[in-house]
Amino acid sequence: MPHPIRVDACSESQWPQALSLIASVFVGEGFVSTERNSRGCRREVIEPAATLLAATEEGVSDLVLGVVVLPMPGSALCLMAGEGEAEMRMLAVAPQG
């Protein structure tokens, strides 16, 4: 029986895997160029402006199954949400997820 899915702020140890997952989905599937991904998909760009959430199997927290970026209101990453709204960006799910 599969473990329940847990979603938390990305831990220190999960960041490399989470960024790799975003790149594999967005670059790998042709949504963005490698150059654009290397400019925007970096911890120093995401972390000050958003929270990166990571989905893992409960009890197997070293394997990131999916990620999503939640921009903070008013940040440079928040492009569409209006007052009282939230925005999700860079949703990526691992093929095995």
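Along each chain, the written sequence defines residue order, and numbers are assigned to residues from 1. Local features in this predicted model are restricted to residues of pLDDT 70 or higher, and side-chain atom pairs are both shown and tallied only at a pLDDT of 80 or more, whereas totals for entire chains, interfaces and linings draw on every residue. Side-chain metrics in this entry use all non-hydrogen atoms of the structure; hydrogen atoms and water are not considered.

(A) Region of interest: the overall build of the protein. The helix count covers DSSP runs of H or I at least four residues long, the strand count covers runs of E at least two residues long, and both are numbered beginning at the N terminus. The number of helices and strands found in the protein is three helices and four strands. Counting helices and strands in the order they occur from the N terminus, the protein gives β-α-α-α-β-β-β. Here the C-alpha atoms of the protein give a radius of gyration of 14 Å, agreeing with the 13 Å that 2.2 N^0.38 yields for 97 residues. For the protein, the C-alpha atoms occupy an extent of roughly 40 × 30 × 20 Å along the three principal directions. The contacts in the protein between residues at least 6 apart in sequence include a share of 54% that link residues at least 24 apart. Put simply, the radius of gyration uses C-alpha atoms, and a globule should come to 2.2 Å times the residue count raised to 0.38. Residue contacts are defined here by distance: any two heavy atoms, one from each residue, within 4.5 Å place the two residues in contact.

(B) Looking closely at the layout of surface pockets. Considered as a void within the structure, the largest pocket measures approximately 300 Å³ in volume. Lining the largest pocket we find 14 residues, and of these Phe26, Val32, Arg36, Arg89 and Met90 sit closest to its centre. Of all the secondary-structure elements, those providing two or more residues to the lining of the largest pocket are helix H1 (15-26), helix H2 (34-40) and strand E4 (89-93). Broken down by element, the residue count for the lining of the largest pocket peaks at four residues, all from H2. Three residue categories are used. Nonpolar comprises Ala, Val, Leu, Ile, Met, Phe, Trp, Tyr, Cys and Pro, charged comprises Asp, Glu, Lys and Arg, and polar comprises the others, including Gly. Considering only residue class, the lining of the largest pocket consists of nine nonpolar, two polar and three charged. As defined here, a cavity is a set of points on a 1 Å grid over the protein atoms alone where a 1.4 Å probe fits but cannot get out. A pocket is an open set with protein on both sides within 12 Å along at least five of seven lines, and residues line them when an atom is within 4 Å of a point. Grid points are joined across faces, edges and corners, and a volume is the space filled by probe spheres set on the points.

(C) Spotlight on unusual backbone geometry. The phi dihedral of Met90 is positive, around 50°, even though this residue is not glycine. By the element assignment, Met90 lies in strand E4.

(D) Quick look at the pairing of strand E2 (residues 50-57). Among the eight residues in E2, six count as buried, and that is most of the element. Pairing between two strands is assigned when DSSP locates at least 2 bridges connecting them. In the sheet, strand E1 (residues 5-9) pairs with E2 via five bridges, with the strands oriented antiparallel. Within E2, the position partnered with Asp8 by the bridge is Ala54. Here's how the labels work: a residue is buried when its accessible area is under 20% of the maximum for its type, exposed when over 50%, partly exposed in between, all with a 1.4 Å probe on protein chains only.

(E) Representation of the environment of Val60 in the model. Tracing the chain through its elements places Val60 in strand E3 (residues 60-71). Here Val60 falls in the partly exposed class, since its relative accessible area comes to 25%.

(F) Broad picture of the pattern of salt bridges. Salt-bridge detection follows one rule: a side-chain nitrogen of Lys or Arg within 4 Å of a carboxyl oxygen of Asp or Glu. Summed over all chains, the structure comprises six salt bridges. In this structure, Asp8 engages Arg6 in a salt bridge whose closest nitrogen and oxygen atoms are separated by 2.5 Å. Under the relative-accessibility criterion, Asp8 is labelled partly exposed at 31%. Residues Glu44 and Arg42 are paired through a salt bridge, measuring 3.6 Å at the closest nitrogen-oxygen approach. Linked through salt bridges whose partners overlap, the residues forming this network are Glu12, Arg43 and Glu47.

(G) The arrangement of the nonpolar core in detail. By nonpolar core we mean a set of buried residues, namely Ala, Val, Leu, Ile, Met, Phe, Trp, Tyr and Cys, connected to one another through side-chain atoms within 4.5 Å. One finds Leu21, Ile22, Ile46, Leu52, Val67 and Val69 to be the most contacted residues of the largest nonpolar core, which totals 20 residues. No other element matches the six residues that H1 contributes to this core. In this structure, Leu21 is in contact with Val64, Leu65, Gly66, Val67, Ala92, Val93 and Ala94, ignoring residues within four places of it in sequence.

Without other data, these values stay purely geometric and don't point to any function.
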